[in-house]
Structure formats: structure tokens, C-alpha cells
Amino acid sequence: MKSRKAFTLIELLVVVAIIALLISILLPSLSRARELSKRLVCGTQVKGYGTAVKIYANDNEEHWPTPTFNETTGTGIEWQVADVEIGFGDIDSPTPCNEAVVPPANQPTRYSKSEDNVTILSVTRAMWMLVRSGEVTPKSFICPSSGDQIENNQNVDCFYDFKEAKNVSYGYQVPYGPFQTRGSEDIDPRMAVFSDHSPYGDAGVTTAMPSTSAEWDNSDILDPGKNMSPQAWQPFNSPNHGGRGTGEGQNVLFGDGHASFHKNPLQGIDNDNIFTLMGVNALGEARQSGLIPNGMNLYPGVDVFTGSIGDSTTDSLIYP
């Protein structure tokens, strides 16, 4: 009987080494393919939000979701918008639909519908209006690349906002401000109106917004420069795809309803930075760099023009 020749130890080690080498080569490619598939899902959700807004507008006189708010506070600051982390109360509260819950002055809770005298609102309340109307679910606001968590809540009609910032992966064109700057079916089709969330829309941002128009000329202005490489733009992109400071880009929805992925935030009209407020002269770097929003006194085109011209209606400001 002939004996079978077995592998030697050296041969086994060579095979193991080859397998390990192949794995080390293939894993990055597999990881990259996984991220690209997540990006595709994220882009589909962004496009789906545009569809939901169109359906909502069809039933609401061509207007996009905008909670009621106080348009004239009688002060030099006409509009105030709070950060996304406005969610109040425990989701397991024994009386989640109790209308007796009294909000703080001028600041609605998660349980209370905003009224005309409210001056502090989150942008995410506008998104929740689509949840309440049944156009979308809380799950559709989570980008699979972001690491955010779905708000598993069945009683959507009991609330008027998301509970926490981690329950929302996207930002929306700020709906507060002069009537002509709010979202509607009349918006310029080139404008960016929804995207992966801003790099400035959470507690990690400490740069203060100027409190009055007189302070704008002396405020810190983001200056990313011109003709920058994709890598140089990463700190100014959404952190959803790559992490904070290393974002590869963002899925962006435009006024005409189409959505696409872009490697820098200069995607609005005339290369408007979609994540910053337009500077006071509304030209050049005032659009491309802009002013970093920080949650308060915030709406598109604020104080851009003086005199009787009014505010700019072409300033994209995606927040949070």
C-alpha cells in the first residue's frame, strides 16, 4: 500500500500566510464596498424625503413643513431657532399625550405643539411634521453610515419633535424667517434644501453666532479657500460619511426633487455653502465661506441686504 504524502509544516505556514495576505488585501475593499452601499441607502432616503415634502405640499397649499412661530418678537432679533437637542421629557412618560404639560416660556416641549407666540424652535420639528402626517417614519431619518439610533416610538402623534440629536441624521433648509425664505413649491430648483446633517449642528460646535447685524463684519468667518482638493474639504463636510473632520461628502436634495452625492458643501446657487449663513455682501466668499451657525438667531439670508431690498431668498442653510 502506498503512503500519502502530507503537507509539511513549512507548507502549511506558507498557505496560512497567503490566506492572511489575501484577507488583508480584500478587507479594505469589502469595507469600502459596504460604506458605498450605505451611502446609496442614505441617498435613497434623502430622495425619499423630497418626495414626502412634495406630497405634504400638495395637501398644504404648496407649503413645505413649517411649525407656527412668532414672526415679530418686538426686538432687534426677529427670529430665534433652537438647536436640535430640544427634545424634552422621557419617551416612557406615563402621560405622553397630556396637554397639561406646560412648556418653559417661549420654548415648547417635545409634547407640546408650537403656538404663534413661540420664538425658540428646533428645525427638526419641521421634519417631525412629516412623521405625524404619515408621510415618513422615524427610521427614514437615520443614515446607516452615521451611527445614529432609530427612535423606536409607536406613539408618534403624542410628540412634536425628536427626542435627541442622535435620532436624526439629516438637516433641513431652515424654515423660520421671512415668508419668502421658507420652503415651498416656488423655491428655486437649484437650491439645496435637505442633506446629511451639518458639521455645525450639534454640541461639538462652540463658535458663537453674532447676536446682531452690527457684529457680523467682525465675526469669525469660515475661510476654506478656493480650488481645494477633496481631502481639504473634509472638515467642512457632513460627518455622516467618514466622521467629523474627515467627511467625504454629503447626499444633497435640491429644489427640483433630485438628490446626489457631493464632495464639498458648495452646492447651492452661485456656489453657496449649504451649511453656513451667507455673509453680509452676498457675493464671493460671503456665499462660499459664510458664517458658522450656532443654533440661535438663525435663518437663511438674514440681514444680507440693507434698505428696502430685504433678505436673500437664495441662501441655502441646512441645519442641524
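Since this is a predicted model, take the numbers as computed values, not measurements.

Draft legend 1. Structural detail: empty space enclosed by the protein. Inspection of the entire model under this criterion finds two cavities of 30 Å³ or more. Taken as a whole, the largest cavity encloses approximately 50 Å³ of empty space. Every residue lining the largest cavity is listed: Tyr49, Gly50, Val53, Lys54, Trp64, Val193, Leu253, Phe254, Gly255 and Gly257. For the lining of the largest cavity, the secondary structure elements donating two or more residues are α1 (9–59) and β5 (250–254). Here the element with the most residues in the lining of the largest cavity is α1; it accounts for four residues. Of the residues assigned to the lining of the largest cavity, the class counts are six nonpolar, three polar and one charged.

Draft legend 2. Geometry of the side chain of Ser238. Positionally, Ser238 belongs in the loop between α3 (230–233) and β5. The class for Ser238 is buried, based on a relative accessible area of 0%. At 3.2 Å, the side chain of Ser238 and the backbone nitrogen of Asn240 are in polar contact. For Ser238, the residues in contact, after removing those within four places along its chain, are Asp196, His197, Pro199, Gly247, Gly249, Gln250 and Phe275.

Draft legend 3. Representation of helix α2 (residues 124–132). Summarising burial for α2: seven of the nine residues are buried, a large majority. Those residues of α2 that sit buried are Thr124, Arg125, Ala126, Met127, Trp128, Leu130 and Val131.

Draft legend 4. The arrangement of the pairing of strand β4 (residues 192–196) in detail. Burial of β4 is extensive: five of the five residues sit out of reach of the surface. Summarising the sheet, strand β3 (residues 170–173) and β4 pair through three bridges and their orientation is antiparallel. For Tyr172, the partnering residue across the bridge sits in β4 and is Phe194. The pairing of β4 with β5 spans three bridges and is classified as antiparallel. Directly across from Phe194, in β5, lies its bridge partner Leu253.

Draft legend 5. Summary view of the packing of aromatic side chains. Inspection of every chain in the model, using the stated rule, returns seven aromatic pairs. Here the aromatic residues Tyr49, Trp128, Phe141, Phe162, Tyr170, Tyr172 and Phe194 are joined through ring pairs into a cluster of three or more. Seen from the ring of Phe261, Arg39 lies directly overhead, with NZ or CZ sitting 4.0 Å from the centre.

Draft legend 6. Seen up close, the environment of Glu35. Within the fold, Glu35 resides in helix α1. Residues Glu35 and His241, spaced 206 residues apart in sequence, show a C-alpha to C-alpha distance of 8.1 Å. Excluding its chain neighbours within four sequence positions, the residues that come into contact with Glu35 are Ser145 and His241.

Draft legend 7. A look at unusual backbone geometry. For the peptide bond that leads from Tyr319 to Pro320, omega is 0°, which places it in the cis range. With respect to the secondary-structure elements, Pro320 resides in the segment after β7 (318–319). The phi torsion at Glu61 lies on the positive side, around 55°, for a residue other than glycine. Position of Glu61 among the secondary structure elements: in the loop between α1 and β1 (80–82). Looking at Glu61, the relative accessible area reads 68%, which means it is exposed.

Draft legend 8. Expanded view of a nonpolar patch on the surface. On the surface, a cluster of nonpolar side chains totalling about 680 Å² of accessible area is made up of Ile10, Val14, Ile18, Leu21, Leu22, Ile25 and Leu26. The exposure class assigned to Ile10 is exposed, which follows from its relative accessible area of 63%.

Draft legend 9. Broad picture of the pairing of β3. Examined bridge by bridge, β3 and β7 share two bridges and lie antiparallel to one another. The residue of β7 that forms the bridge with Gln173 is Ile318.

Draft legend 10. View of the pattern of salt bridges. Using the criterion set out here, one finds three salt bridges in the structure. Between Arg39 and Glu248 there is a salt bridge whose closest N-O contact spans 2.5 Å. Taken as a pair, Arg39 in helix α1 and Glu248 in the loop between α3 and β5 lie far apart in primary sequence, 209 residues in all. Look at Arg39 and you get buried, because its relative accessible area is 12%. Judged by relative accessible area, Glu248 falls into the partly exposed class, the value being 27%. We note a salt bridge from Asp188 to Arg190, for which the minimum N-O separation is 2.9 Å. On the basis of relative accessible area, Asp188 is assigned to the partly exposed category, the value being 23%.

About the criteria used
Residues numbered from 1 in each chain as written. Predicted model: local features only at pLDDT ≥ 70, side-chain atom pairs only at ≥ 80, totals over all residues. Heavy atoms only, no water. 1 Å grid on protein atoms, 1.4 Å probe; cavity = no way out; pocket = protein on both sides within 12 Å on 5 of 7 lines; lining within 4 Å. Points joined across faces, edges and corners; volume = space filled by probe spheres on them. Helix = DSSP H or I, 4+ residues; strand = E, 2+ residues; numbered from the N terminus. Nonpolar A, V, L, I, M, F, W, Y, C, P; charged D, E, K, R; others polar. Buried < 20%, exposed > 50% of the residue type's maximum accessible area, 1.4 Å probe, protein only. Polar contact = N/O pair within 3.5 Å; in protein donor to acceptor, adjacent residues only side chain to side chain. Contact = heavy atoms within 4.5 Å. Pairing = 2+ DSSP bridges. Phe/Tyr/Trp six-rings, centres within 6.5 Å; stacked < 30°, edge-to-face > 60°. Lys NZ or Arg CZ within 6 Å of the ring centre and 35° of its normal. Patch = residues over 30% accessible without salt bridge, like charges linked within 9 Å, V, L, I, M, F, W, Y side chains within 5 Å. Areas by Shrake-Rupley, 256 points an atom, 1.4 Å probe, with all protein chains shown as cover. Salt bridge = Lys/Arg side-chain N within 4 Å of Asp/Glu carboxyl O.

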